[in-house]
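Given next are the chains, with one letter for each unit.
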Amino acid sequence: MPYSQEDQQWIQSQLQAEHIGREIITYDSVDSTNNIAKRLVGKPDKEGTVILANSQTQGKGRQGRTWHSEENVGVYLSTLLKTSLPPDQISKIALVAGVALVQAINEFSRARAYLKWPNDILLNGKKVAGILTEYCKKEAHSEVILGIGINVNHARFPIALQHIATSMAMENGDIFERLPLITFLLNRLDQEYQSFLNEGISPTIDQWNLNSDMFGKHISLTKGTQTFFGTAMKLDEEEGSLILLTDNGEEIAFDSGEVTLME
Ligand code: BTN
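I will try to describe carefully the structure that is included in this document. From a predicted model like this one, the values you see are computed outputs, not experimental measurements.

1. Considering the overall build of the chain
Reasoning step 1: Summing up its helical and strand segments, the chain has seven helices and 12 strands in all.
Reasoning step 2: Against the globule reference of 18 Å for 263 residues, the chain gives a C-alpha radius of gyration of 18 Å, in line with a compact fold.
Reasoning step 3: The dimensions of the chain, computed from C-alpha atoms along their principal axes, are 60 × 45 × 30 Å.
Reasoning step 4: For the chain, with 263 residues in total, the buried portion stands at 51%.
Reasoning step 5: With the model as given, the accessible surface of the chain reaches about 12100 Å², and the carbon-plus-sulfur share is 48%.
Reasoning step 6: Taking the average location of the 23 positive side-chain charges in the chain and that of its 34 negative ones, the two points are 5 Å from each other.

Here is the structure:
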């Protein structure tokens, strides 16, 4: 069902957020909630506005991929954050969102979700949720569009995605209500973002490390045209980069790349 006026009001009434969710705008179908949020860039008082859609016709994934956005069964939302953080800190917002997202899914799912670097959420080894951040520089500050997609009640996926995608319903054998998941996520996101602004990224990285099962595993990491093989060790406490112990015994920190779990 598309979100009703009552749904929108209920979500709003459940939020304790300082930044995120000051205003919730619901849509039936949009091209991409990130694109709608982008229209708010530069407008005063729009920080923390949440764009929530029942479906997307051109949902965007990372690295130019599309995000399958079937109506009624998923959560597709974006929010806008205005920040004066230095550019090297801004990319850490995706880690903040990853922690809030995995915790929100685990609040409702019996099957445990885990983070896979940089910001995929996996359930039984398949992708259940993802994060897409886009940045706009505006004079002294930056605006960050944070987009989150969760496969909640999908019963199946197109053939091309079947080996990599799953939903909370498919892994638990249950249907989930979207509204409590959305409100938990937005409240958690707001708290984690506050913690990041006040205390820095370390507490988030501790939570990230606790909510990932990729450490100690053999992985391949592709960056540009190069592929590295080794053991994922942890996320670096200050930077959030992934420390890889390569098969040649060298420790390398990566700030970006695509990871494939080998086992
Ligand atoms: C990924 O590739 O893992 C990122 C997926 C992000 C999908 C969400 S759905 C809501 C928001 N709007 C978009 O177009 N993409 C993000």
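2. Notes on the packing of aromatic side chains
Geometry of an aromatic ring pair is reported as the spacing of the ring centres plus the angle between the planes.
Reasoning step 1: Under the counting rule described, the total for this entry stands at three aromatic pairs.
Reasoning step 2: Pairing Phe228 with Phe254 gives two aromatic rings, centres 4.9 Å apart and planes at 65 degrees, and the pair type is edge-to-face. Highlighted residues: Phe228 in strand E9 (residues 226-235) and Phe254 in strand E11 (residues 251-254), separated in sequence by 26 residues. Each member of the pair, Phe228 together with Phe254, is buried.

3. A short note on the sheet that holds strand E5 (residues 120-123)
Reasoning step 1: Here we have seven strands laid out as an open sheet, ordered E1-E2-E3-E7-E6-E5-E4, and mixed in their pairing. Pairing within the sheet leaves two strands with one partner each, and these edge strands are strand E1 (23-30) and strand E4 (113-116). Within this sheet the neighbouring strands show an average axis-to-axis angle of 20 degrees, counted without direction.
Reasoning step 2: Direction of pairing for E4 relative to E5: antiparallel, over a ladder of four bridges. Residue pairing for E5: Ala113 is matched across the bridge by Leu123.
Reasoning step 3: Each of E1, strand E2 (49-56), strand E3 (74-83) and strand E7 (141-151) touches helix H6 (residues 178-199); the most contacted strand, E3, lies at about 20 degrees to it.

4. Quick word on the pattern of salt bridges
Reasoning step 1: A full pass over the atoms with the stated rule returns 14 salt bridges.
Reasoning step 2: A salt bridge links Glu23 to Lys46; the nearest nitrogen and oxygen atoms lie 3.4 Å apart. One end of the pair, Glu23, is in strand E1; the other, Lys46, is in the loop between helix H2 (33-38) and E2, with 23 residues separating them in the sequence.
Reasoning step 3: Assessed through its relative accessible area of 22%, Lys46 is described here as partly exposed.

5. Some details on the pairing of E7
Reasoning step 1: Of all 11 residues in E7, 10 are buried, a share of seventy percent or more.
Reasoning step 2: Strand direction decides the pairing type here: E3 and E7, joined by 10 bridges, are antiparallel. Within the sheet, the bridge partner assigned to Leu80 lies in E7 and is Ile145.

6. Remarks on the pairing of strand E10 (residues 242-246)
Reasoning step 1: Taken across its five residues, E10 has four buried, putting it largely inside the fold.
Reasoning step 2: As paired elements, E9 and E10 share five bridges and run antiparallel to each other. Bridge pairing in E10 links Lys234 to Ile243.
Reasoning step 3: Taking the residues between adjacent antiparallel strands as the criterion, E9 and E10 are bridged by six residues, where Gly240 takes a positive phi near 80 degrees.
Reasoning step 4: As paired strands, E10 and E11 are joined by four bridges and run antiparallel to one another.

7. Details of the site of the ligand
Reasoning step 1: If you check the shell around the ligand, you find 20 residues, and the closest are Ser32, Gln56, Lys60, Arg62 and Lys127.
Reasoning step 2: The side chain of Thr33 places a nitrogen or oxygen atom 3.0 Å from a nitrogen atom of the ligand.
Reasoning step 3: Arg62 places a main-chain nitrogen or oxygen 2.7 Å from an oxygen atom of the ligand.
Reasoning step 4: Of all the elements in the fold, those that place two or more residues in the shell around the ligand are H2, E3, strand E6 (126-138) and E7.
Reasoning step 5: Its residues placed into classes, the shell around the ligand shows six nonpolar, 10 polar and four charged.

The rules behind these values
Residues numbered from 1 in each chain as written. Predicted model: local features only at pLDDT ≥ 70, side-chain atom pairs only at ≥ 80, totals over all residues. Heavy atoms only, no water. Helix = DSSP H or I, 4+ residues; strand = E, 2+ residues; numbered from the N terminus. Rg over C-alpha atoms; globule rule 2.2 N^0.38 Å. Buried < 20%, exposed > 50% of the residue type's maximum accessible area, 1.4 Å probe, protein only. Areas by Shrake-Rupley, 256 points an atom, 1.4 Å probe, with all protein chains shown as cover. Lys, Arg positive; Asp, Glu negative; His and termini not counted. Charge placed at Lys NZ, Arg CZ, Asp CG, Glu CD. Phe/Tyr/Trp six-rings, centres within 6.5 Å; stacked < 30°, edge-to-face > 60°. Pairing = 2+ DSSP bridges. Axes fitted to C-alpha atoms, helices over the stretch in contact; angles between N-to-C directions. Contact = heavy atoms within 4.5 Å. Salt bridge = Lys/Arg side-chain N within 4 Å of Asp/Glu carboxyl O. Near = heavy atom within 4 Å. Polar contact = N/O pair within 3.5 Å; in protein donor to acceptor, adjacent residues only side chain to side chain. Nonpolar A, V, L, I, M, F, W, Y, C, P; charged D, E, K, R; others polar.

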